[in-house]
Amino acid sequence: PDWYGLDDEFDEYYSESGLPSPPLDVRLVAAGSRVGYRWETFDGDHPCEVNWLDPEPDRESSDYEKYIEQLRKIERQVVYRGFHEPPSEEAFNVRLRNFMNM
């Protein structure tokens, strides 16, 4: 998204607000044999939901229990529920403030 450009005004706003800078990065995610990607803040603490590239393993497969265990861990990490790509600047700031006040 274009709202997190790297200009001086942008950097000044976030340094004065005390909020972490919003640029997000794409990271690979794996649960068992299933692979996907998600957007995360550079520190990895504020991820969006996963965009899975593979189908869910068959329930009868030997990998299924490991997949479910790792999937639950991944889902607990998601801060931006409902977002499979970076949120707007406004949504980022609202969710981050709510998260920091928990």
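The structure reproduced in this document is the subject of the present report. (Residues numbered from 1 in each chain as written. Predicted model: local features only at pLDDT ≥ 70, side-chain atom pairs only at ≥ 80, totals over all residues. Heavy atoms only, no water.)

**Points about the overall build of the protein chain**
Next, step 1: Helix and strand counts for the protein chain stand at three helices and three strands.
Next, step 2: Across the 102 residues in the protein chain, those meeting the buried criterion constitute 35%.
Next, step 3: Of all intrachain contacts in the protein chain linking residues separated by at least 6 positions in sequence, the fraction that spans at least 24 positions is 44%. (Helix = DSSP H or I, 4+ residues; strand = E, 2+ residues; numbered from the N terminus. Buried < 20%, exposed > 50% of the residue type's maximum accessible area, 1.4 Å probe, protein only. Contact = heavy atoms within 4.5 Å.)

**Here's the deal with the pattern of salt bridges**
Next, step 1: One pass over the structure, following the stated rule, counts two salt bridges.
Next, step 2: Measuring nitrogen to oxygen at the nearest pair gives 2.8 Å for the salt bridge that ties Arg-27 to Glu-40. One end of the pair, Arg-27, is in strand 1 (residues 24-31); the other, Glu-40, is in strand 2 (residues 34-41), and 13 residues separate them in sequence.
Next, step 3: According to the relative accessible area criterion, Arg-27 is partly exposed, its value standing at 25%.
Next, step 4: Looking at Glu-40, the relative accessible area reads 6%, which means it is buried.
Next, step 5: One salt bridge in this structure joins Glu-40 and Arg-38, with 2.6 Å as the shortest N-O distance.
Next, step 6: Classification of Arg-38 by relative accessible area gives buried; the value is 5%.
Next, step 7: Residues joined in a network through salt bridges with shared partners are Arg-27, Arg-38 and Glu-40. (Salt bridge = Lys/Arg side-chain N within 4 Å of Asp/Glu carboxyl O.)

**Brief notes about the nonpolar core**
Next, step 1: Listed in full, the eight residues of the largest apolar core are Val-29, Ala-31, Val-50, Tyr-64, Tyr-67, Ile-68, Leu-71 and Ile-74.
Next, step 2: Of all the elements in the fold, those that place two or more residues in this core are strand 1 and helix 2 (64-77).
Next, step 3: The residues contacting Ala-31, other than those within four sequence positions of it, are Trp-52, Tyr-67, Gln-70, Leu-71 and Ile-74. (Core = buried A, V, L, I, M, F, W, Y, C linked by side-chain atoms within 4.5 Å.)

**Things to note about a nonpolar patch on the surface**
Next, step 1: Among the surface-exposed residues, Leu-28, Val-35 and Leu-53 lie close enough to one another that they form a single nonpolar patch of about 300 Å² accessible area.
Next, step 2: If you trace the backbone, Val-35 turns up in strand 2.
Next, step 3: Residue Val-35 is classed as partly exposed on the basis of its relative accessible area, which comes to 30%. (Patch = residues over 30% accessible without salt bridge, like charges linked within 9 Å, V, L, I, M, F, W, Y side chains within 5 Å. Areas by Shrake-Rupley, 256 points an atom, 1.4 Å probe, with all protein chains shown as cover.)

**A short note on the sheet that holds strand 3 (residues 51-52)**
Next, step 1: The strand order across the open sheet built from three strands is 1-2-3, with neighbouring strands paired in antiparallel fashion. Looking along the sheet, the strands with just one partner apiece sit at the ends: strand 1 and strand 3.
Next, step 2: With two bridges connecting them, strand 2 and strand 3 associate as antiparallel partners. Across the sheet, residue Tyr-37 finds its bridge partner in strand 3, namely Asn-51.
Next, step 3: Sheet contacts for helix 2: strand 1, strand 2 and strand 3; angle to strand 1, the most-contacted strand, approximately 155°. (Pairing = 2+ DSSP bridges. Axes fitted to C-alpha atoms, helices over the stretch in contact; angles between N-to-C directions.)

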